[in-house]
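Geometric and topological summary
The residues making up each chain are set out below.
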Amino acid sequence: GRKLDARSDLFSLATIFHEMLTGMHPFRGEHPMAVMYSIRNETPKPLKLQSGDFPVGLQGAIDRAFEKEVDKRYADADAFRDAILAVAPELTGTTVVERKSSPVRMALLVGIVSTVVVGIGIGGWNVVQKSRAAANRTAAKNLNQRAMNTNDPVLQEDLLRQAIEKDPTFEIPYNNLGYIAESNRNFFAADSLYRQAVRLNPHYSGGLHNIGNRFFQNERYDSAVVYYRRALRGDGPDSSRTGNQLAAVLIRQQRPTDAKEVIAVVLPAAKDADVRGYLLMNLGKALAAEGDSTAARARWREAMEIYPNIPELRELLGS
């Protein structure tokens, strides 16, 4: 959550150098979440260089760029370049050294040129990065949509993980993976995925709503209310489901007047018959809690006409 600067780009550049020199990505895992864990917690394996004339000090130069604590990295591209030239001064072009050409040395030379380009053309680099980020976000959205359109749970999970790999900053696939985990009763993983979605976008109503549900199910009503209210203020286009859940919690807390206020706001916009049915049922419960049983039964009958598949309604009307 901290502000990014050039040191983040230098970490990325060191990743490219490492892969150019070794043929392997320094951070690996069986799935995107494992790769993210590796980046945050693991140190890349030492360079496995085949060329006998390769500058042995390069390992230390690359390692500093990979520091987890940003203040321990190079301050800018110039410092990174100088560290490389300190162990391979011949790359400045001022010293003639007769050596046989090797792919590894050529890779290093290309890497040095890349560093200079980054230092000089950071503006252009940012444009390219933004364009690439936009393309990755579009690809991630398409993968997420494909996942939502399939009934194959294995394919659905695979598509969502591909979406995260394309754009690790896209919150929706994390939320959808959390829903899958919760349906498999893996509640710890579900909660972690919902919270990651909200970390990426604190105004994401879907993730906030699902975290609220977890608190509701665990009877931690005060926390559920907090997250439901945040979800209502978020960027979700349909607030009726969240409003219904919030009203249900407020009724559990014996706050019928507050529940009625919430329902009054979200009920007019509720389009799905099932949601309208539940909202009217909860409105009836709030009225009953206030002692108006006649109005309560009227709301329950209205709910029964709209969405009769609520088992609890028959009990309420029969009581």
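The structure contained in this document is the topic of the report that follows. (Residues numbered from 1 in each chain as written. Predicted model: local features only at pLDDT ≥ 70, side-chain atom pairs only at ≥ 80, totals over all residues. Heavy atoms only, no water.)

Once that is clear, we can look at the nonpolar core. Judged by nonpolar contacts, the single largest core of 41 residues is most densely connected at F216, V249, L279, W300 and L313. Listed by contribution, the elements that provide at least two residues to this core are helix 9 (187-200), helix 10 (205-217), helix 11 (221-232), helix 12 (240-252), helix 13 (256-266), helix 14 (273-289), helix 15 (293-306) and helix 16 (311-318). The element best represented in this core is helix 14, accounting for 7 residues. Once you skip the residues sitting within four places of it in the chain, F216 turns out to touch Y221, A224, Y228, Q245, A248, V249 and R252. In this structure, F17, L58, I62 and F66 belong to the second largest nonpolar core, which totals 18 residues. (Core = buried A, V, L, I, M, F, W, Y, C linked by side-chain atoms within 4.5 Å. Buried < 20%, exposed > 50% of the residue type's maximum accessible area, 1.4 Å probe, protein only. Helix = DSSP H or I, 4+ residues; strand = E, 2+ residues; numbered from the N terminus. Contact = heavy atoms within 4.5 Å.)

Attention now moves to the environment of D76. Summarising the element assignment, D76 is placed in the loop between helix 3 (58-65) and helix 4 (77-87). Residues D76 and D9, spaced 67 residues apart in sequence, show a C-alpha to C-alpha distance of 9.4 Å. At a separation of 2.9 Å, a polar atom in the side chain of D76 contacts the main-chain amide nitrogen of A79. (Polar contact = N/O pair within 3.5 Å; in protein donor to acceptor, adjacent residues only side chain to side chain.)

The next thing to look at is the packing of aromatic side chains. A full pass over the atoms with the stated rule returns 8 aromatic pairs. Look at Y74 and F80: their rings are 4.9 Å apart centre to centre, the planes differ by 15 degrees, and that puts the pair in the stacked class. Given a relative accessible area of 0%, F80 falls into the buried group. Taking 5.9 Å as the distance between ring centres and 70 degrees as the angle between the ring planes, the aromatic pair formed by F216 and Y221 counts as edge-to-face. We note that F216, like Y221, is buried. Of the aromatic side chains, those joined through ring pairs into one cluster are F11, F27 and F66. (Phe/Tyr/Trp six-rings, centres within 6.5 Å; stacked < 30°, edge-to-face > 60°.)

Let us look at the pattern of salt bridges. Here the idea is simple: oppositely charged side chains can pair when their charged atoms come close. Inspection of the entire model under this criterion finds 15 salt bridges. Across the salt bridge formed by D191 and R195, the nearest N and O atoms sit 2.8 Å from each other. With D191 and R195 both in helix 9, this residue pair falls 4 residues apart, about one helical turn. As a salt-bridge pair, E312 and K285 come within 2.6 Å of each other at their nearest N and O atoms. Taken together, the positions of E312 in helix 16 and K285 in helix 14 put the pair 27 residues apart, joining distant regions of the chain. Put simply, D5, R7 and D71 are held in one network by salt bridges that share partners. (Salt bridge = Lys/Arg side-chain N within 4 Å of Asp/Glu carboxyl O.)

On to the side chain of S205. Its location among the elements puts S205 in helix 10. Looking at S205, the relative accessible area reads 7%, which means it is buried. Separated by 3.1 Å, the side chain of S205 and the backbone nitrogen of D235 make a polar contact. Sequence-distant contacts of S205, defined by excluding residues within four places in its chain, comprise A231, G234, D235 and G236.

For the rest of this paragraph, the subject is the environment of F11. Looking at the element boundaries, F11 is found in helix 1 (residues 6-22). Residue F11 is classed as buried on the basis of its relative accessible area, which comes to 10%. For the pair F11 and R73, spaced 62 residues apart in sequence, the C-alpha separation works out to 8.2 Å. Those residues in contact with F11, other than ones at most four positions away along the chain, are F27, I39, A65, F66, E67 and R73.

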